[in-house]
Amino acid sequence: MYLYSFIVGMGATVGLAWSVLRASAEDSILIANSGLAAILGAVAGGRILYVLNDWSHYEGQVLETFQIYLGGFSWIGALLGAILFIVGYASIKHVSPLPLLDSLVPFAGAVVMSIWLASWLDGYAYGRAADWWWAFPARDGWGRLAPRFPAQVVGALTALATIWAADFLAKYLNVPGQIAAAAAFLLSLVYFLLAFTRADYVATFLGFRIDALVALAIAVISGSYLLTSWRQRAVS
């Protein structure tokens, strides 16, 4: 867990610095504080949702709920927490959260990329065993090394590609929030597709991975915002 946390922490640091350096001088502090708010929200939300999901265990171990270093985190809760904290910070500063979300796309992409890489090194989100020549060696949750579909590597590379794609599309997406929506659409769609290649166990609903269903919902919501805002822009 320490290696995982270190890699993700480095990704968040590099990503936030990237977002701040790209911002104008007058917006740099605003972007930096928004990123820090997102980190706090992600840590709180990710832990809270994980604890609530496993409350039967934590009900009798209340102090353990604060021991994040022992493991236990929900990326869904982290995403919700990060967005809520960014919106809250924007409300305090009396600014719209949409431009902040746009500016934090490099930060978000770097975090996602570091999570995939950390998962590869630490045995999380591993792909199915495969005998293809291009299969990557990866460990499963029990530490067993085997050639597998490179789900984590593909996820990391597509996260990096998403940052570049969002930067390219920025010249065409002028409505606040569109850049963030485009990045969210690409990242969530990739996550949904990669879910079909993974071998790690997660909770399911109607035969589908819950995390994949959430990723699909994010893709639908972000894609709908892109389509709606684009049509409104075309009409105006």
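Residues numbered from 1 in each chain as written. Predicted model: local features only at pLDDT ≥ 70, side-chain atom pairs only at ≥ 80, totals over all residues. Heavy atoms only, no water.

Chemist: Report on the overall build of the protein, specifying residues and quantitative values.
Modeler: Counting secondary structure elements, the protein contains nine helices and four strands. Against the 2.2 N^0.38 benchmark of 18 Å for 236 residues, the protein shows a C-alpha radius of gyration of 18 Å, consistent with a compact globule. Buried residues in the protein amount to 39% of all 236 residues. Of the contacts formed within the protein by residues at least 6 apart in sequence, a portion of 65% connects residues at least 24 apart. If you sum the accessible surface of the protein, you get close to 13,500 Å²; carbon and sulfur atoms cover 72% of it. Each charge class in the protein was averaged separately, 12 positive and 12 negative side chains, and the resulting centres sit 7 Å apart. (Helix = DSSP H or I, 4+ residues; strand = E, 2+ residues; numbered from the N terminus. Rg over C-alpha atoms; globule rule 2.2 N^0.38 Å. Buried < 20%, exposed > 50% of the residue type's maximum accessible area, 1.4 Å probe, protein only. Contact = heavy atoms within 4.5 Å. Areas by Shrake-Rupley, 256 points an atom, 1.4 Å probe, with all protein chains shown as cover. Lys, Arg positive; Asp, Glu negative; His and termini not counted. Charge placed at Lys NZ, Arg CZ, Asp CG, Glu CD.)

Chemist: Describe a nonpolar patch on the surface, and please don't skip the residues or the numbers.
Modeler: Nonpolar side chains collect at one region of the surface, where F196, F205, L206, F208 and I210 lie side by side and expose about 540 Å² of accessible area between them. With respect to the helices, strands and loops of the structure, F208 is situated in strand β4 (residues 208-209). (Patch = residues over 30% accessible without salt bridge, like charges linked within 9 Å, V, L, I, M, F, W, Y side chains within 5 Å. Salt bridge = Lys/Arg side-chain N within 4 Å of Asp/Glu carboxyl O.)

Chemist: So what about the nonpolar core? Which residues, and what values?
Modeler: Residues A38, I86, Y89, L100, L104 and F107 are the most contacted members of the largest nonpolar core, which totals 16 residues. Those elements that place two or more of their residues in this core are α1 (2-22), α2 (28-53), α4 (75-93) and α6 (105-122). Apart from residues no more than four positions distant in its own chain, F107 is found in contact with A12, G15, L16, S19, G35, A38 and I39. If you look at the next biggest cluster of nonpolar residues, it comprises eleven residues, including W116, F149, A156 and A215. (Core = buried A, V, L, I, M, F, W, Y, C linked by side-chain atoms within 4.5 Å.)

Chemist: Mind laying out the packing of aromatic side chains, listing which residues take part and the relevant values?
Modeler: Tallied over the entire structure, the rule returns six aromatic pairs. Taken together, W75, W116 and Y191 form an aromatic cluster joined through their ring pairs. (Phe/Tyr/Trp six-rings, centres within 6.5 Å; stacked < 30°, edge-to-face > 60°.)

Chemist: Which residues make up the side chain of T162, and what values go with them?
Modeler: Secondary-structure assignment places T162 in helix α7 (residues 151-169). Excluding its chain neighbours within four sequence positions, the residues that come into contact with T162 are A183, L186 and L187.

Chemist: Hey, could you go over the pairing of strand β1 (residues 136-139) for me, with residue numbers and the actual values?
Modeler: Both β1 and strand β2 (residues 145-148) contribute to a ladder of four bridges, which runs antiparallel. Each residue of the ladder has a partner; that of R139, found in β2, is L145. Where β1 folds back onto β2 in an antiparallel hairpin, the turn is made up of five residues, including G143, whose phi is positive at roughly 85 degrees. (Pairing = 2+ DSSP bridges.)

Any link to function would need more than the numbers given here.
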